[in-house]
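Breakdown of the fold
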Amino acid sequence: MSEHPLRPSRRAVLAGTLGALGALAAAGPVARAADRLPPIGGAAPPADWSRAVIDSTMKRYTPDKIGGWGYTLGLYLYGQYLFYKRTSEQKYLDYIVAWYDRFVTDSGISNSFTSLDSMRSCQMLPLLYAETGRKKYKTAADQLRKRFPPYPRTSDGGMFHATSKVGQLWGDGVYMAQPFLALYGATFGDGDYCFEESAKNLVVYFSHLREPAKGLLYHAYDEDGSESWASGPGHHSKYHWARAIGWFGMAAVDILEVLPANHPRRPALIEIVQFLAAGYQRYQDAKTGRWYQVVDRGGDAKNWLETSASSMYTFTMARGVQRGYLPASYQAVADRGYAGVLRKVSVGPDGLTNITDICEGTNVGDLSYYYGRARKTNDFHGLGAFLIMNEQYTH
């Protein structure tokens, strides 16, 4: 690929600037929880778990067979991009480009963006433009940017989870759209709108989903309360589903990476990170270091420890400590989470890695619904979250 003046250097990524939303930051005194682990699966673990997971995935799937446009692939490939930025090994970027080029042409991308989920994969578009200088990635990014002003919202400005889900705000949704918007603003000089809109949405969502007594978030909110799950006070759902809270924490941290230091909403986003971290600490499982599928119901026999959310919580706390949003004491909580997640990673007889106990895609539901979700192996929710977490720890 050709060099381009906008291509972010490794140093830029380490500094958390243009090309580095959510990428690795300067090395700090982060404890290596992995160093304290026994061999995994009866054999010495790989020297680099990110490389092992990505190489395994690339062996399992070619770019044309890995799957269609969707947020889970966007999450996974963003994690692979972070690894590429650390190693500068071109084949890992080439794989990402090959997948995106299935959907992005010189005229942009054919997508009406009727849901926030459909937007997540666009996170890579400004980064790919910076890496390659290919105009088509900016054209596609511009298409999504133009979608935001008319996109439907609640009366206080929260973007609907989907145009078909009128008045509904799901905790998942902020990660699907708002980090892209913030990064677009930083990359293309459109901060006046993009910074304010992305940060405002986190604040609006948070105002409806938070449970102050527990330091947790409910999964979803319905403005008029017409949904069966939103019939009580506050018009929110009833339970604290782990991954929704994880998406939210990562979104806050990623937006803070590019939000100007003097932006008026920056303190509110830092307070969100602090609120969530307190809940993460309170409900971390003492034995495993991981977190439960329904976070505050660890004593329920049908509940189970979930890997993708555990990765997300670990990343959010480790980055929060590194950036000074959280006290240093949270590093130990993050390290326990990191060690706990690594215990769900193994190498199979075929030499390929496996990550287990990853919740499949999930809507809003009751306890039996959350408990009954499939516990998958190598689901992209978990692979992507693992890579983002592991790159935070692999300086």
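In this report, the structure presented in the accompanying data block is examined. (Residues numbered from 1 in each chain as written. Predicted model: local features only at pLDDT ≥ 70, side-chain atom pairs only at ≥ 80, totals over all residues. Heavy atoms only, no water.)

**Topic: the packing of helix 4 (residues 90-100) against helix 5 (residues 124-132)**
We apply this condition: Helix axes are fitted to C-alpha atoms over the stretch in contact, other axes to C-alpha atoms as well, and angles between N-to-C directions run from 0 to 180 degrees. Numbered from the N terminus, helices here are DSSP runs of H or I no shorter than four residues, and strands are runs of E no shorter than two. Orientation categories follow fixed angle ranges, with anything under 35 degrees roughly parallel, anything over 145 roughly antiparallel, 65 to 115 roughly perpendicular, and all other angles oblique. The hand of a helix crossing depends on one turn: near helix anticlockwise from the far one by less than a right angle means left-handed, and clockwise means right-handed. Contacts are residue-level and defined by heavy atoms, with any inter-residue pair within 4.5 Å sufficient. Any residue outside Ala, Val, Leu, Ile, Met, Phe, Trp, Tyr, Cys, Pro, Asp, Glu, Lys and Arg is labelled polar, Gly included; the first ten of those are nonpolar and the last four are charged.
The geometry of helix 4 relative to helix 5 is characterised by a closest axis approach of 12 Å and an angle of 120° between their N-to-C directions. Between helix 4 and helix 5, the interaxial angle falls into the category oblique. The hand of the helix 4/helix 5 crossing is left-handed. Along the contact surface, helix 4 presents L93, I96, V97 and Y100, while helix 5 presents M124, L125, L128 and E131. A breakdown of the residues in the contact of helix 4 with helix 5 according to their chemical character gives seven nonpolar, no polar and one charged.

**Topic: the packing of helix 10 (residues 266-283) against helix 11 (residues 307-323)**
Geometrically, a packed helix pair is captured by the angle between its two axes and the distance between the axes. Helix 11 packs onto helix 10 with a crossing angle of 125° between their chain directions and a minimal axis gap of 10 Å. Between helix 10 and helix 11, the angle is such that the two are oblique. The handedness of the crossing between helix 10 and helix 11 comes out as left-handed. Contacts between helix 10 and helix 11 involve V273, A277 and Y280 from the first element and Y313, T316 and M317 from the second. For the contact of helix 10 with helix 11, a count of residues per class yields five nonpolar, one polar and no charged.

**Structural notes on the packing of aromatic side chains**
Rules: The criterion for an aromatic pair is that two Phe, Tyr or Trp rings (for Trp, the six-membered ring) have centres within 6.5 Å, with stacked assigned to planes under 30 degrees apart, edge-to-face to planes over 60 apart and tilted to the rest. A simple rule labels every residue: compare its accessible area, found with a 1.4 Å probe on the protein chains alone, to the largest value its type can have, and call it buried under 20%, exposed over 50%, or partly exposed in between.
Using the criterion set out here, one finds 23 aromatic pairs in the structure. Summarising the aromatic geometry, the rings of Y129 and F188 are spaced 5.8 Å apart at their centres and angled 50° between planes, so their arrangement reads as tilted. With a gap of 59 residues between them, Y129 in helix 5 and F188 in helix 7 (residues 173-188) connect regions that are remote in the sequence. Accessibility classification places Y129 together with F188 in one group, the buried group. On the basis of an interplanar angle of 15° and a centroid distance of 6.2 Å, the ring pair of W241 and Y370 is categorised as stacked. Separated by 129 residues along the polypeptide, W241 in the loop between strand 6 (220-222) and helix 9 (242-258) and Y370 in helix 13 (residues 367-371) bring together distant segments of the chain. As far as burial versus exposure is concerned, W241 and Y370 are alike and both buried. An aromatic cluster of three or more residues is present, and its members are Y129, F148, F180, Y184 and F188.

**As for the side chain of H381**
Inclusion rule: We define a polar contact as two N or O atoms separated by no more than 3.5 Å, with the added condition that, inside protein, one atom must be a possible hydrogen donor and the other a possible acceptor, whereas residues neighbouring each other in sequence contribute only through side-chain atom pairs.
Residue placement: H381 occurs in helix 14 (residues 380-393). Within polar-contact distance, the side chain of H381 engages the side chain of Y71 at 2.8 Å. Discounting residues that sit within four places of it in the chain, H381 has contacts with Y71, T72, L75, R243, W247, S308, I358, C359, E360 and G361.

**Let's talk about unusual backbone geometry**
Here H235, not a glycine, exhibits a phi torsion of approximately 55°, which is positive. Along the polypeptide, H235 turns up in the loop between strand 6 and helix 9. Its relative accessible area of 27% is what places H235 among the partly exposed residues. The backbone of D357 shows a phi angle near 60°, a positive value even though the residue is not glycine. D357 gets classed as buried once you look at its relative accessible area, which sits at 14%.

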